[in-house]
Structures are given as C-alpha cells and as structure tokens.
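# Fold and geometry: a report
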Amino acid sequence: MATTLRDLDGKHLVLGLTGGIAAYKAAELTRRLQDHGATVQIVMTEAATHFITPVTMQALSGRPVFTSQWDDRSAGGISNNMAHINLSREADAIVVAPASADFMAKLVHGRCDDLLSTLCIARACPLLLAPAMNREMWANPATQRNVVQLRADGITLLGPASGDQACGEIGDGRMLEAHEILSELITFFQPKLLQGKQVLVTAGPTFEPIDPVRGITNLSSGKMGYAIAQAAHEAGARVTLVSGPTALAPPRGVSLIKVQTAQQMLAAVMAEVGQTDVFVSVAAVADWAVRNPLTQKIKKDDGAPPRLDFLANPDILASVANLASPPYCVGFAAETNDLDQNAETKRQKKNVPLLIGNLAQNALGADENELMLYSDAGITRLARADKLVLARQLVAVIAQALSKH
Ligand code: C5P
C-alpha cells in the first residue's frame, strides 16, 4: 500500500535485543513500528550492546534504553527500582529481535539473570521472538527442543527465514527483515475473526492473448483483492490468492497462484474450491477471449488490420456459486453508473449472498475506494478509506455472515 496505515496506533511495545549480528535490523524495526503508530521501549542485553549501541537505539526510539536490572532510573513512570516489572506492565507485547539461541534456552528454563530475561519471565503480556542464529545453531537438537517448548509455553516465534548468513553460510536461522516482523506484528494484533477458515480470493485483471506479444486486459491493479487476501490472513484464515498479472507483491502468509487467462483462473479456482469456506471474487475477469490466438506475432505489413473473433469467457463466480454446496460467495461489481440497480441485478443473477459494488472510476488502480454492500439485508455503505482498511471491515462483515451461514 502506498500510504502508511497506523496499524499499531496506541500500541506500546518493549523491543528486546539480544546479542547477534541481526541487531542492526532492530534499528529499522524501531522506525517502522513508530511509523505505524507504536511507541517503543528498548531493552538490551549486555551482549546486544556489542553489536549496536544503546545511543543509537535511544536516538531512534526517543526513550532511554534499559540494559541492567540494577538500573535505578524511573521505569514506566514508577521509581520503585523494579524496571523488570514496570516496563512490561505498560506494554501490549514484548518482542525480542534478535533472539539468540542462548536467550531462547534461558526462557525455556525460566532463568532470569539479566533485565531482559527477568522482564520476559515477569511479563503479563504476549511475548514474541524473532530468532537469529547460524543454521547449525538453529538445527541443533537442543535449539529445536527449545522451540517446541517455547511454543508450548504460548510464546510466538516469528521466522526465522532461510538465506545468506553473516557467517557466510546459507540456511535457516536468518532473522526476518524489519518489514516482515512489522507485518507479523500487525497480523498478531488483528482480531482472529476467520480463525481456521479457508478463504479463496481472485484478484487483478486477466490477460487474453491475441498473439505471443499482444493481448486484451483491463486497468485492474489487483490492490483491492490483495488487500482482502491480506485482511483474511490477518484474521486467522488460510488464504489462497489466484491472481492475474499485477505489479504487486503477494501479502505475507498468503499462497499465491499466478494465472493469465480467465480459463486458467477458472481451473485454479475449481482445483481449490473444494476446501473453501469463503470465496471472494474480486478479479476483473475479461468477458471475452480471442478465439484461436495466433502462435506467431501478427505482422503489421500483412495489409489490413486483423479481424479478431471472440468467445465468451466462463463466469467464474457464477460457476462457484452454483456448485452443489458452494462456499460463502462474495462478488464485486465495478460499474460506471446506476450502481445500486446494476449491482443488485448482478447479485441476483450470479446467485451470491453478498455483492460489493464500487464505481470503476473511483476504484481502478487507486489506493482508496468506497464500497456499497448489497445483501438480503439491504444496502450498507463503507465510507471512503484505504483499500486495506475497507478489506478489514469487509472481513468483519463476512465473519458475521458466516456465523449465521
Ligand atoms: O458481470 P461482471 O463482470 O460485472 O461481474 C463481476 C463479478 O463477477 C466479480 O466478482 C468478478 O470477479 C466476477 N466474474 C467472474 N468471471 C467472469 C466475470 C466476472 O468471476 N467471467
């Protein structure tokens, strides 16, 4: 999304750093958390201060950094010399990034011999760890046993990722990038309205080839569909996104199936739909495909402009809605005029319980949109907002409908 949403507004986070090269990523993470509205209190282990200085972290977070349990400065606005209690009491979560193998082992045993470990053991809020270590340290049976125990203790692990490591080796154990930790945290705080549900979303335009280099497509950017896939994932659903060609990165945690034509989109949807609870059809599917696209480029100097012969594409949404036991189906209608009438007619024709109408001139390619919801209950308007904000509101509407479905 082009605009920065303040998805963490009002959230206060303790960001703990333990010793690891990935500590440099904590500097950017601090900035990004603040961009999204969070306040950040940094706590560092002694080892972490060898990798990045408290001065840097204080400058970025705008708050004094705590490193020692013997630090007698006021913490969390209280001067009782109990930073290990006070700092977590005001936090919505503690995030330890990087979390070293040693720190994870300590947590498993409930050991608390420095401020950060004591803070974690004495916490009354969720704890999330972003492990960062060499691949052999991560694969070590002791670390893997600890991972199982930490999860069993209700601690959330973010990553690690796989890839190049500071030591020159390649493998699992690399700390997630700042933007990935940010997105995991935003997801963590979203209400889990679709927990355990399977959601299938189509998005973007389709591309119907004329010859190997030309085709028929439309102005759909895919932003609304991608935002819905993201919002459903944030709400705890398993999400598959079937997308026509777009310039967008798939939302984190969503499985992406890339297609070009309407026929390919139909095939991908039908292969997935069996396990689906909710189908949200956002794609701007081309109404017609070119019959017999040429396998060689049409030459301009062949004389008269080519005559194209068209054939109607399948209606993917209607095909799904008319299955013997369809998932809960949500359609979209982009209209240029007479929205109410066209959208309600389309809802009836396609046999879907919920149809979302928007004006094409407002919606296509834009970061914001305004939605009209048509259902048996009548018409509801979702006021103009960022597409992700609207997608989250829509997910809440869908979750509500599912509970009655
Ligand atoms: O009929 P119209 O194209 O306006 O309908 C829009 C809705 O139907 C959208 O939800 C779109 O994803 C879906 N659709 C489809 N297959 C088509 C045409 C539209 O799934 N061939």
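The rules we used
Residues numbered from 1 in each chain as written. Predicted model: local features only at pLDDT ≥ 70, side-chain atom pairs only at ≥ 80, totals over all residues. Heavy atoms only, no water. Salt bridge = Lys/Arg side-chain N within 4 Å of Asp/Glu carboxyl O. Helix = DSSP H or I, 4+ residues; strand = E, 2+ residues; numbered from the N terminus. Buried < 20%, exposed > 50% of the residue type's maximum accessible area, 1.4 Å probe, protein only. Near = heavy atom within 4 Å. Polar contact = N/O pair within 3.5 Å; in protein donor to acceptor, adjacent residues only side chain to side chain. Areas by Shrake-Rupley, 256 points an atom, 1.4 Å probe, with all protein chains shown as cover. Nonpolar A, V, L, I, M, F, W, Y, C, P; charged D, E, K, R; others polar.

## Observations concerning the pattern of salt bridges
The full count for this structure, using the stated rule, is 22 salt bridges. In this structure, arginine 32 engages glutamate 28 in a salt bridge whose closest nitrogen and oxygen atoms are separated by 2.8 Å. In this pair, arginine 32 and glutamate 28 both sit in helix H1 (residues 23-35), four residues apart, roughly one turn of the helix. Residue arginine 32 is classed as partly exposed on the basis of its relative accessible area, which comes to 31%. Note that arginine 174 and glutamate 177 form a salt bridge whose closest N and O atoms lie 2.5 Å from each other. With a relative accessible area of 26%, arginine 174 lands in the partly exposed category. By relative accessible area, which is 24% here, glutamate 177 ends up partly exposed.

## Details of the site of the ligand
Taken together, Ser281, Val282, Ala283, Val285, Pro314, Asp315, Ile316, Leu317, Gly331, Phe332, Lys346 and Lys350 are the residues near the ligand. The backbone of isoleucine 316 places a nitrogen or oxygen atom 3.0 Å from a nitrogen atom of the ligand. Measuring from an oxygen atom of the ligand, one finds a backbone N or O atom of phenylalanine 332 at 2.8 Å. Expressed as a share of its isolated accessible area of 440 Å², the protein-covered part of the ligand is 86%. Of all the secondary-structure elements, those providing two or more residues to the shell around the ligand are helix H11 (316-321), strand S16 (328-335) and helix H12 (339-350). Residues of the shell around the ligand, tallied by class, amount to seven nonpolar, two polar and three charged.

This is a description of form; function is not addressed.
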